[in-house]
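If you want the building blocks of each chain, they are given just below.
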Amino acid sequence: MIVPVFLQLIRWKNLVMIVCIQLLFKFVYFPVFSVATTLSNLDFSLLLLATITIAAAGYINNDIYDVEADKVNKPSKVIISKKITVKQGYTSYYILNIIALLAGFYISYKINQLSFIAIFIITALLLKVYNSDFKKKPLVGNIIVSLLVSLSILIVGIFDVIPAITNENVVEQYLAFRVLIDYSVFAFMFMLLREIVKDIEDVNGDKKLKMKTLPILLGRKKTKNIVFALSFIPLILVTLYSFNNFSDIPFILAYMLIVVMLPLLHFMTKIIYAKTKKEYAYASKLLKFIMLMGMFSIVIISLIINYAH
């Protein structure tokens, strides 16, 4: 299997984004705010490995199920059946899941919480069922993917912050975990919007698989109106969050308004007038950019707070 082809198959750019977000919390946010952690650098590396291998396995499984749809939606990007056989795809899928579960078992053992391995098992099963069944249902599949993306942020707190709680630091640890929850909610909202936009973009191929996504049931026009309406939720929540938490720190407030909120307003104008596949693809990439910039705010916040002290 050619390495570049395999990297393309597992969406390496998305995996790098997940890794970067987890690293930012571990090595930027936690040290600046003196958050107690449990995992050593080696153990944290295994948590990263478990996260990206289970995500990579999900991407491969997705491409296996979507072969026929992808031949319509993105014929030039089809990998399974053209560059990699279905058998090779399944082999890679199982190997990656085994690696994820072994790494997950080890770090669960290291923090004396063996039951936490259930997180990885449930995630692998959800990705499997999502591709074979839930993906074909309106909103259910979109919500599952969005929840799993938000889990990739929360999992840092579950394995690294919660086990380090003591009677003395319970308040500080709780506040740190609250920040992780805030960012995971942010990721969920924007990922949900992006998943619906991608469904609009891929409606022709999805019809071939007899899926029942929102744009197939309601049509593109009504679905993009729903996306536009839903966009007001993060617009309002992120604006309120920014003013409530950073009104006394102008640079952070400016970052959130200019780098996150303005692109979101731009997305809303683009999606409401979008008609072509190219325009929907642009809207999807715009949401990905907003997510990335939103997550990067943790660096800005940490550096400014650290400088102020």
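The text that follows walks through the structure, step by step, so that each part is easy to find. Model, not experiment: these values are computed from the prediction.

### Considerations on the layout of surface pockets
Piece 1. In this structure, the second largest pocket occupies an estimated 440 Å³ of space.
Piece 2. Residue lining of the second largest pocket: 18 residues in total, with Tyr-29, Phe-33, Leu-175, Val-179 and Asn-245 positioned closest to the centre.
Piece 3. Mapped onto the lining of the second largest pocket, the elements with two or more residues apiece are α8 (170-201), α12 (232-246) and α14 (277-308).
Piece 4. Among the elements that take part in the lining of the second largest pocket, α8 stands out by supplying eight residues, more than any other.
Piece 5. Of the residues that constitute the lining of the second largest pocket, the class distribution is 14 nonpolar, one polar and three charged.

### Quick word on the environment of Ser-247
Piece 1. With respect to the helices and strands, the residue Ser-247 is situated in the loop between α12 and α13 (250-273).
Piece 2. Judged by relative accessible area, Ser-247 falls into the partly exposed class, the value being 48%.
Piece 3. Sequence-distant contacts of Ser-247, that is, excluding residues within four places in its chain, are made with Ser-242 and Leu-253.
Piece 4. A distance of 3.2 Å separates a polar side-chain atom of Ser-247 from the backbone oxygen of Phe-243.

### Comments concerning the packing of helix α2 (residues 12-32) against helix α7 (residues 140-161)
Piece 1. The interhelical angle for the contact between α2 and α7, taken along N-to-C directions, is 40 degrees, at an axis separation of 9 Å. By the angle between their directions, the pair α2 and α7 is classed as oblique. Seen along the crossing, α2 lies across α7 with a hand that is right-handed. Where α2 abuts α7, its residues Ile-18, Ile-21, Gln-22, Phe-25, Lys-26 and Phe-30 lie against Ser-152, Ile-153, Ile-155, Val-156, Asp-160 and Val-161.

### Points about the packing of helix α11 (residues 220-230) against α12
Piece 1. Packing of α11 against α12 brings their axes to within 4 Å, and their N-to-C directions diverge by 10 degrees. Put simply, α11 runs roughly parallel to α12. Contacts between α11 and α12 pair Phe-228, Ala-229 and Leu-230 from the former with Phe-232, Ile-233 and Pro-234 from the latter.
Piece 2. Grouping the amino acids of the contact of α11 with α12 by side-chain chemistry returns six nonpolar, no polar and no charged.

### Overview of unusual backbone geometry
Piece 1. At Ser-34, a residue that is not glycine, the phi angle is positive and equals roughly 55 degrees.
Piece 2. The residue Ser-34 is located in the loop between α2 and α3 (41-65) in this model.
Piece 3. The phi dihedral of Asn-112 falls on the positive side, at around 60 degrees, and the residue is not glycine.
Piece 4. Note on placement: Asn-112 falls in the loop between α5 (86-110) and α6 (117-132).

### Quick notes on the pattern of salt bridges
Close approach of charged atoms allows side chains of opposite charge to pair.
Piece 1. Within this structure, the stated rule accounts for five salt bridges.
Piece 2. Notably, a salt bridge pairs Lys-26 with Asp-160, separated by 2.8 Å at the nearest N-O pair. Of this pair, Lys-26 sits in helix α2 while Asp-160 sits in helix α7, and the two are 134 residues apart along the sequence.
Piece 3. Residues Asp-202 and Lys-277 are paired through a salt bridge, measuring 3.6 Å at the closest nitrogen-oxygen approach. Of this pair, Asp-202 sits in the loop between α8 and α9 (203-208) while Lys-277 sits in helix α14, and the two are 75 residues apart along the sequence.

Thresholds, definitions, all that
Residues numbered from 1 in each chain as written. Predicted model: local features only at pLDDT ≥ 70, side-chain atom pairs only at ≥ 80, totals over all residues. Heavy atoms only, no water. 1 Å grid on protein atoms, 1.4 Å probe; cavity = no way out; pocket = protein on both sides within 12 Å on 5 of 7 lines; lining within 4 Å. Points joined across faces, edges and corners; volume = space filled by probe spheres on them. Helix = DSSP H or I, 4+ residues; strand = E, 2+ residues; numbered from the N terminus. Nonpolar A, V, L, I, M, F, W, Y, C, P; charged D, E, K, R; others polar. Buried < 20%, exposed > 50% of the residue type's maximum accessible area, 1.4 Å probe, protein only. Contact = heavy atoms within 4.5 Å. Polar contact = N/O pair within 3.5 Å; in protein donor to acceptor, adjacent residues only side chain to side chain. Axes fitted to C-alpha atoms, helices over the stretch in contact; angles between N-to-C directions. Parallel < 35°, antiparallel > 145°, perpendicular 65-115°, else oblique. Left-handed = near helix turned anticlockwise from the far one by under 90°. Salt bridge = Lys/Arg side-chain N within 4 Å of Asp/Glu carboxyl O.

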